[in-house]
Amino acid sequence: MLHTELYKVFYFTAMCQSLSEAAERLYISQPAISKSIKKLEALTGCTLFIRNSRGVTLTTEGQILYDYVKIAFETLNNGEMMLEKLKKRTEGIVKVGISDTLCRYFFLPHLEAFHYQYPGLRIQIINRTSPDTLKLLEQGQLDFGIISIPMDKGDLEYIELMTVQDIFVAGRKYDITESALPLEKLVSYPLLMLEAKNLSRIYIDDYFKANHLSVTPEIEISSMDILIEFAKIGLGIATVIKSFVSEELALGILKEVSVFPAIPQRKIGIATKKNISVSLASQSFIAFLNGTRVTSQ
């Protein structure tokens, strides 16, 4: 059995070399100090201190024990100091999973402002598809993920960050004049889509199924950035997030192909495991992204 309070008295008495000073530091009486030392000497079977006119000095056995106890208490003190830094958000690490597309178009613009506010916090970004991000989250390898919020939320909790609109876009090669192209006619064009396992693709597939249509894309790829580039050079009509191609639409490099019925909006959010507390650093980042601020405790 570890007698922590006895070792604490021993540590301060050895460090102060005075029973009275140790008593002051520990806010207990000098007789209580003497009693604790005698009890520890009885438990260890060794004399630990020698009294003298100036106070106390360690015996050979006492010095050996003190060398170990000092390391233990200094380690505990360092641990408490680190916790204070974590609470004040001057140190810590944020482990977030996010797709390449969301990282580029949503996450990166926030990093500079967050780093300015919390310069001591490190951010570890794991770029994975949304399904892979969910797997890593389930395995406890991430603090949180930023993904398209699925219909089946499972044992995860979500904080909504933004609403996005999926659209169809085409390059200048395609001269589609209809103000709203019937969905049945759209599928006659070559379609460029994300890979089937991507949550954005699953959402689009469900949209087609809800309108009693099945599609086989001309090209499937994991990156929306590449999908956009393929659309620019006229390889087909691509499904993309509208806000992510705002510049291309404004410059006329791409044009939106309006369809009927339109694709419903969907939500992007922060995913965390239910009933699992994330790190203080990640709490700060989540609050930052959510437009609030966590105050130091």
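The protein chain appears in an unreviewed UniProt entry as Bacterial regulatory helix-turn-helix, lysR family protein from Candidatus Desulfosporosinus infrequens. In its Sequence similarities (unreviewed entry) section, UniProt records this for the protein chain: "Belongs to the LysR transcriptional regulatory family."

For the rest of this paragraph, the subject is the overall build of the protein chain. Summing up its helical and strand segments, the protein chain has 11 helices and 14 strands in all. Classification of the 297 residues of the protein chain by burial places 43% in the buried group. In the protein chain, the share of contacts with a sequence separation of at least 24, taken over all contacts with a separation of at least 6, comes to 72%. Carbon together with sulfur atoms contributes 53% to the accessible area of the protein chain, which is approximately 16,700 Å² in total. The average position of the 32 basic charges and that of the 33 acidic charges among the side chains of the protein chain differ by 6 Å.

Tallied over the entire structure, the rule returns one cavity of 30 Å³ or more. A volume near 50 Å³ is recorded for the largest cavity. Lining the largest cavity, in full, are D166, M193, L194, S200, R201, I204, M224, T239, V240 and R266. Taken together, the elements giving at least two residues each to the lining of the largest cavity come down to β9 (191-194), α8 (199-210) and β11 (237-241). Sorting elements by how many residues they give to the lining of the largest cavity places α8 first, with three residues. Residue composition of the lining of the largest cavity, grouped by class: five nonpolar, two polar and three charged.

What follows is about the sheet that holds strand β6 (residues 156-164). Pairing within the open sheet is mixed, and its five strands lie in the order β4-β3-β5-β14-β6. The open sheet is flanked by β4 (121-127) and β6, the only strands paired with a single partner. The mean inter-strand angle of the sheet, taken between neighbouring strand axes irrespective of direction, is 25°. Bridging between strand β5 (residues 144-148) and strand β14 (residues 266-273) involves four bridges; their strand directions are antiparallel.

An ideal rise of 1.5 Å per residue puts 18 Å on 13 residues; helix α1 (residues 4-16) measures up with 18 Å between its terminal C-alpha atoms. Those residues of α1 that sit buried are L6, Y7, V9, F10, Y11, F12, T13, A14 and C16. Residues of α1 that are buried make contact with α2 (19-26), α3 (30-44), β1 (49-52), β2 (55-58) and α4 (60-87). Remark: Q17 follows α1 within two positions and exhibits a positive phi of approximately 55°.

Okay, the nonpolar core next. By size, the foremost hydrophobic cluster in this structure holds 39 residues, and its most contacted members are F107, F144, I146, V169, V240, F285 and L289. With six residues, helix α5 (residues 100-117) is the single largest residue contributor to this core. Counting contributing residues, this core receives three or more from each of domain 2 (92-162 + 268-292) and domain 3 (163-266). Excluding anything up to four places from it in sequence, V169 contacts A231, G236, I237, A238, V240, V245, L249, L254, K255, E256 and V257. Listed in part, the 20 residues of the second largest apolar core include F12, L26, I33 and F73.

The topology assignment puts S36 in helix α3. Look past the residues within four positions of S36 in its chain and what remains in contact with it is L6 and V9.

Moving on, we come to the layout of surface pockets. In this structure, the largest pocket spans a volume of roughly 340 Å³. In this structure, the largest pocket is lined by 16 residues; those nearest its centre are S148, I149, P150, M151 and Y203. Elements that contribute at least two residues to the lining of the largest pocket include exactly β6, α8 and β14. Here the residues of the lining of the largest pocket are counted per class, giving eight nonpolar, two polar and six charged. No fewer than three residues from each of domain 2 (92-162 + 268-292) and domain 3 (163-266) sit in the lining of the largest pocket. When its volume is computed, the second largest pocket comes out at roughly 230 Å³. Listed by contribution, the elements that provide at least two residues to the lining of the second largest pocket are α5, α8 and β14. The dominant element in the lining of the second largest pocket, judged by the number of residues it contributes, is α5, at three residues. Looking at the lining of the second largest pocket, its residues break down into seven nonpolar, nine polar and three charged. Looking at which domains feed residues into the lining of the second largest pocket, each of domain 2 (92-162 + 268-292) and domain 3 (163-266) gives three or more.

Let's shift gears to the pairing of strand β3 (residues 92-98). The element β3 is extensively covered by neighbouring structure, given that five of its seven residues are classed as buried. Of the strand pairs in this sheet, β3 and β4 are connected by seven bridges, and their pairing is parallel. Paired with V94 across the bridge in β4 is I123. Handedness of the crossover is the feature at issue here: the chain leaves β3, passes through α5, returns alongside β4, and the resulting connection is right-handed. Pairing of β3 with β5 involves three bridges; the strand directions are parallel. Across the sheet, residue V96 finds its bridge partner in β5, namely F144.

Calculation criteria
Residues numbered from 1 in each chain as written. Predicted model: local features only at pLDDT ≥ 70, side-chain atom pairs only at ≥ 80, totals over all residues. Heavy atoms only, no water. UniProt positions renumbered as here; feature names shortened; annotations may be inferred. Helix = DSSP H or I, 4+ residues; strand = E, 2+ residues; numbered from the N terminus. Buried < 20%, exposed > 50% of the residue type's maximum accessible area, 1.4 Å probe, protein only. Contact = heavy atoms within 4.5 Å. Areas by Shrake-Rupley, 256 points an atom, 1.4 Å probe, with all protein chains shown as cover. Lys, Arg positive; Asp, Glu negative; His and termini not counted. Charge placed at Lys NZ, Arg CZ, Asp CG, Glu CD. 1 Å grid on protein atoms, 1.4 Å probe; cavity = no way out; pocket = protein on both sides within 12 Å on 5 of 7 lines; lining within 4 Å. Points joined across faces, edges and corners; volume = space filled by probe spheres on them. Nonpolar A, V, L, I, M, F, W, Y, C, P; charged D, E, K, R; others polar. Pairing = 2+ DSSP bridges. Axes fitted to C-alpha atoms, helices over the stretch in contact; angles between N-to-C directions. Expected span 1.5 Å × (residues − 1). Core = buried A, V, L, I, M, F, W, Y, C linked by side-chain atoms within 4.5 Å. Domains from an automatic or database assignment. Right-handed = clockwise from strand over helix to strand, strands pointing away.

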